[in-house]
Amino acid sequence: MNKAKYTRDVPPDRLELLAELSSRDTVKIMAIGSPDTGKSTLVTFLANELIGLGKSVAIVDSDVGQKGILPPATVSLAFPEEPFLTTSELEGVAHYFIGTVSPAQFIGEMAVGVKRLTDIAERSADVVIVDTTGFVTGAGFEMKRLKAELIRPDIIVILQKEGELEPLARALSPYGEIVRLGVSENARKVERDERREIRFEKWKAYFSGSRLVEFSLSDVAVTGTSLFNGRPLEESEKTLLSRALRWLVLAGWERDGHYTVVKADEENFQRGYRSIHAVDFEKLSNLLVGLIDGDGLCLGLGILKWVNFSNGTLQLLTPLSEEALSEVREIRFGRMRVLETGEELAFLRRDEL
C-alpha cells in the first residue's frame, strides 16, 4: 500500500547527507523533487538511519496525492520511535485538512498545514523531515516557495536528474541551504493507474469500520463552503427562484444581495446570474469533509451522506471514536467525492461549493 520502502541500497550522496544530518544536534530538512524521483524513499531511509543513531525524528507527510501516513487528503505528522519499512506503518499524531489529493487550488492550505505541523514537530524531535508532493511547476512552484518561506528549513534537498529544478532551487535558496541529490537508478516510475490503485487501498483502509453519525448545525461551524452563510431563504423565496430559474431550489441563503442556493436539475443549469451562486445537490453526496477540533487541526475524515436542510443536520460516515467526535468543533468541506469502499467519484473546483 506504499510505493516507498526502507532500503540501505542508496547512492553515496545519500550517505553524505546522512552524515551531515547526524552531526547536528537539531536539524529541519525538506525534500523536493518531481514525481518518481525518490523523495519518500529518501525520507524513509534518513528517518530509519537517524533513529538507529539515537536521534528523535518527526516526519511531516505533505504528499497528499500519495500519502504514506493516513488519512489521505491531509498533511500528517508522525514520530516514529523504531525502525519501519514504509511510512504507512506510522500512526499520525496530528493532521491538517486539505480536502483533496490534487492540491493545485489549495496551496495556501498546504503551506499552512506544513507550517503548523512542523512547529509541533520541532518541540519534540531532534530531526524534522518534511516530505512533499511532486507538484513543482506552476502553482506547485509557488507552493514550495511558500512552504520554505514559512518553515525555513536548515536544509532543502533538491532531487533532480539534469538540473531541471535549478529555477526552483534559486527561488528557495533564501530560505535554507540547498543540497542537490541525483535521482537513484533504482527510482521507479509509477503510472497514474497504479497511483490511483494505491489511493483506493488507502481510502478503503481508512474508512473500514466506519459508522454513520449526525451533527447539528447549531453545534458545529461549517467551513470550506459558501453554504449555510447568511440569512436562510424563506419558502416563498425558494419557490420564486425555482420558478424563475427552472431549478428545484432545495435551500438557500442571502447576504448583501447575493444568493447561494442548493439546487437539483443540473440539465437546466443557466449561466449569467452574477448575484446567484448555485451548488448542485449531487455534488454534496459522498463529499469528503474534515472533522476539525478547536485548535484548527483535523481529528479525522468523514464522508457526507445526507444534508437535512429543514432540521439543520448533517449525516457523515466516519471511523472516529465517540471520544474524538466529542472534540469536533468544525466540519470543513473538501473538494472531492469518495466512497468508503475506496472509489474516487469526482474532483471539484474550489468555486463549486
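Per an unreviewed UniProt entry, the protein chain is named polynucleotide 5'-hydroxyl-kinase, and its organism is Thermococcus eurythermalis. Listed in UniProt under the heading Function (unreviewed entry), the comment for the protein chain reads: "Polynucleotide kinase that can phosphorylate the 5'-hydroxyl groups of both single-stranded RNA (ssRNA) and single-stranded DNA (ssDNA). Exhibits a strong preference for ssRNA."

Which residues make up the domain arrangement of the protein chain, and what values go with them?
Assigned domains within the protein chain: domain 1 (12–193) and domain 2 (209–352). With centres defined by C-alpha atoms, the gap from domain 1 to domain 2 works out at 33 Å. Contacts between the two partners involve 17 residues from domain 1 and, on the opposite side, 18 residues from domain 2. Buried area between domain 1 and domain 2, summed over both chains or domains, comes out near 1400 Å², and the portion from carbon and sulfur atoms is 62%. When the buried surface of domain 1 facing domain 2 is broken down by residue, Phe97, Gln105 and Arg116 rank first, second and third, together holding 41% of it.

Account for the packing of aromatic side chains, with residues named and values stated.
Two numbers describe a pair of aromatic rings. These are the distance of the centres and the angle of the planes. Taken as a whole and judged by the stated rule, the model has 7 aromatic pairs. Ring geometry for Trp203 versus Phe207: centroids 6.3 Å apart, planes at 20°, classification stacked. Placement of both Trp203 and Phe207 in helix H6 (residues 192–207) is noted, with a separation of 4 residues, approximately one turn of the helix. Here the two residues Trp203 and Phe207 agree in accessibility, since each one is buried. A ring pair is formed by Phe281 and Trp306, whose centres lie 5.6 Å apart and whose planes are at 85°; its orientation type is edge-to-face. On the criterion of sequence distance, the pair formed by Phe281 in the loop between strand E13 (276–280) and strand E14 (287–292) and Trp306 in strand E15 (residues 298–308) is long-range, its members being 25 residues apart. Since its relative accessible area comes to 23%, Phe281 is described here as partly exposed. Members of the aromatic cluster, joined through ring pairs, are Phe228, Trp253, Phe281, Trp306 and Phe309.

With reference to specific residues and values, describe empty space enclosed by the protein.
Scanning the model with the defined rule gives 2 cavities of 30 Å³ or more in all. Taken as a whole, the second largest cavity encloses approximately 50 Å³ of empty space. Val64, Gly65, Gln66, Lys67, Pro72, Val101, Ile198, Arg199, Lys202 and Trp203 together form the lining of the second largest cavity. Across the lining of the second largest cavity, the residue classes break down as 5 nonpolar, 2 polar and 3 charged.

Now, about the nonpolar core: what can you tell me, with residues and values included?
Trp203, Phe215, Leu284, Leu288, Leu304, Ile331 and Phe333 are the most contacted members of the largest nonpolar core, which has 39 residues in total. Of all the elements in the fold, those that place two or more residues in this core are H6, strand E8 (211–216), strand E11 (248–255), E14, E15, strand E16 (313–318), helix H8 (322–325) and strand E17 (330–338). Domain assignment of the residues forming this core places at least three in each of domain 1 (12–193) and domain 2 (209–352). Setting aside chain neighbours within four positions, we find Ile331 in contact with Phe215, Val220, Ala221, Val222, Thr223, Val289, Gly290, Leu291, Leu314 and Leu316.

Could you give an account of the packing of helix H3 (residues 107–122) against helix H4 (residues 139–151), with specific residues and numbers?
Two elements in contact, H3 and H4, have axes separated by 9 Å at closest approach and are oriented at 25°. Between H3 and H4, the angle is such that the two are roughly parallel. Note that H3 runs across H4; the crossing there is right-handed. Contact with H3, carried on its side by Ile107, Met110, Ala111, Val112, Val114, Lys115 and Thr118, involves Ala139, Glu142, Met143, Leu146, Lys147, Leu150 and Ile151 of H4 and no other residues of that element.

Quick notes on the rules
- Residues numbered from 1 in each chain as written.
- Predicted model: local features only at pLDDT ≥ 70, side-chain atom pairs only at ≥ 80, totals over all residues.
- Heavy atoms only, no water.
- UniProt positions renumbered as here; feature names shortened; annotations may be inferred.
- Domains from an automatic or database assignment.
- Contact = heavy atoms within 4.5 Å.
- Buried area = accessible area lost by both parts, 1.4 Å probe.
- Phe/Tyr/Trp six-rings, centres within 6.5 Å; stacked < 30°, edge-to-face > 60°.
- Helix = DSSP H or I, 4+ residues; strand = E, 2+ residues; numbered from the N terminus.
- Buried < 20%, exposed > 50% of the residue type's maximum accessible area, 1.4 Å probe, protein only.
- 1 Å grid on protein atoms, 1.4 Å probe; cavity = no way out; pocket = protein on both sides within 12 Å on 5 of 7 lines; lining within 4 Å.
- Points joined across faces, edges and corners; volume = space filled by probe spheres on them.
- Nonpolar A, V, L, I, M, F, W, Y, C, P; charged D, E, K, R; others polar.
- Core = buried A, V, L, I, M, F, W, Y, C linked by side-chain atoms within 4.5 Å.
- Axes fitted to C-alpha atoms, helices over the stretch in contact; angles between N-to-C directions.
- Parallel < 35°, antiparallel > 145°, perpendicular 65-115°, else oblique.
- Left-handed = near helix turned anticlockwise from the far one by under 90°.

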